[in-house]
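Chain and residue survey
In case you want the letters, here they are:
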Amino acid sequence: MADLAEALGANSGPIPSTNANDYVNDHIIEAQWAEKCGRQADTYFKLLTAIEPSKLRLTRLDDEIHEDFLACFNNMQLDVIRVTDLHAPEAKEMWRVFCMKYEGRIEDYNFGTLVRLDVSQEYSQENTILVPRVQFYSIEIARNRRGLNDCHYEAAQKAKAEAAS
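Residues numbered from 1 in each chain as written. Predicted model: local features only at pLDDT ≥ 70, side-chain atom pairs only at ≥ 80, totals over all residues. Heavy atoms only, no water.

**Side note on the pattern of salt bridges**
According to the stated counting rule, one finds 10 salt bridges in the structure shown. Among the ionic pairs, aspartate 108 bridges to arginine 133, the shortest N-O distance being 3.8 Å. Highlighted residues: aspartate 108 in the loop between α5 (89-100) and β1 (112-116) and arginine 133 in helix α6 (residues 133-145), separated in sequence by 25 residues. With relative accessibility at 12%, the residue arginine 133 sits in the buried group. The residue glutamate 140 makes a salt bridge to arginine 116 at a minimum N-O spacing of 3.3 Å. With glutamate 140 in helix α6 and arginine 116 in strand β1, this pair connects stretches of sequence that are 24 residues apart. With respect to class, glutamate 140 is no different from arginine 116; both count as buried. Ionic contacts of the salt-bridge type, sharing partners, join the residues Arg57, Asp63 and Arg145 into one network. (Salt bridge = Lys/Arg side-chain N within 4 Å of Asp/Glu carboxyl O. Helix = DSSP H or I, 4+ residues; strand = E, 2+ residues; numbered from the N terminus. Buried < 20%, exposed > 50% of the residue type's maximum accessible area, 1.4 Å probe, protein only.)

Next up, the structure:
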C-alpha cells in the first residue's frame, strides 16, 4: 500500500505555492460563474414581476433573516444602496459575522450573487454589485417587506393589462 505522501502526489514534483498572487483565474470558470449569477438575477427579476413582492418568500428562514437584518443593519438605506454599506472595511466585518450565522443553514450561503443598487431599476452592469447569497436574501427580503420592489410587479401587471386590451 502506498504511503500518504505518495498518494497525495508529494513525490511528483514541487509543492504548489500558497501565495494567492501565484494563481490566475481560469476564464472558463469565471464565465460559467458569471452565467450562473446572470441566470439567478434573471430568475429573481421574473419572480418580482410575476408575484407580488410583499408576498414572496425567498427561503424557509425569511423571518429569521429579516429579524437579524433589522437588528444589525436597521439604518441601511435600501432604495439606493451605498457601496460603502456593503464593502467598507467595517461594513465587511459586520456582514461577515452576519453571513456566518447561516453557514450550513442556507444552501450556498456565501455564493456570489448579484444585487441591484437602485431598487427602482432593473439589473444592469451599472446597477449591480456582487454579494454573498445570504446578504442578497437579507436585502431583498427587507426590500420586499417594505414594498420597495412593488414598482416592478405593478409595471408588469400594467403592461400585461395593456397588451390584453
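**Comments concerning helix α3 (residues 62-73)**
Taking 1.5 Å of rise per residue, the 12 residues of α3 would be expected to cover 16 Å, and the 16 Å separating its terminal C-alpha atoms lies within 8% of that figure. Among all positions in α3, only Asp62, Ile65, His66, Asp68, Phe69 and Phe73 are buried. The buried residues of α3 all sit within an arc of 165 degrees when viewed along its axis, so they share a single face. Residues of α3 that are exposed and angled more than 90 degrees away from the buried face: Glu67 and Ala71. For α3, the secondary structure elements touched by its buried residues are α5 and α6. (Expected span 1.5 Å × (residues − 1). Arc of directions from axis to C-beta. Contact = heavy atoms within 4.5 Å.)

**What to know about the confidence of the model for the protein**
Per-residue confidence for the protein averages 87 on the pLDDT scale, and 84% of its residues sit at or above 70. Within the model, the stretch residues 1-13 combines pLDDT values under 50 with three contacts to residues more than four positions away or in other chains. (pLDDT = per-residue confidence, 0-100.)

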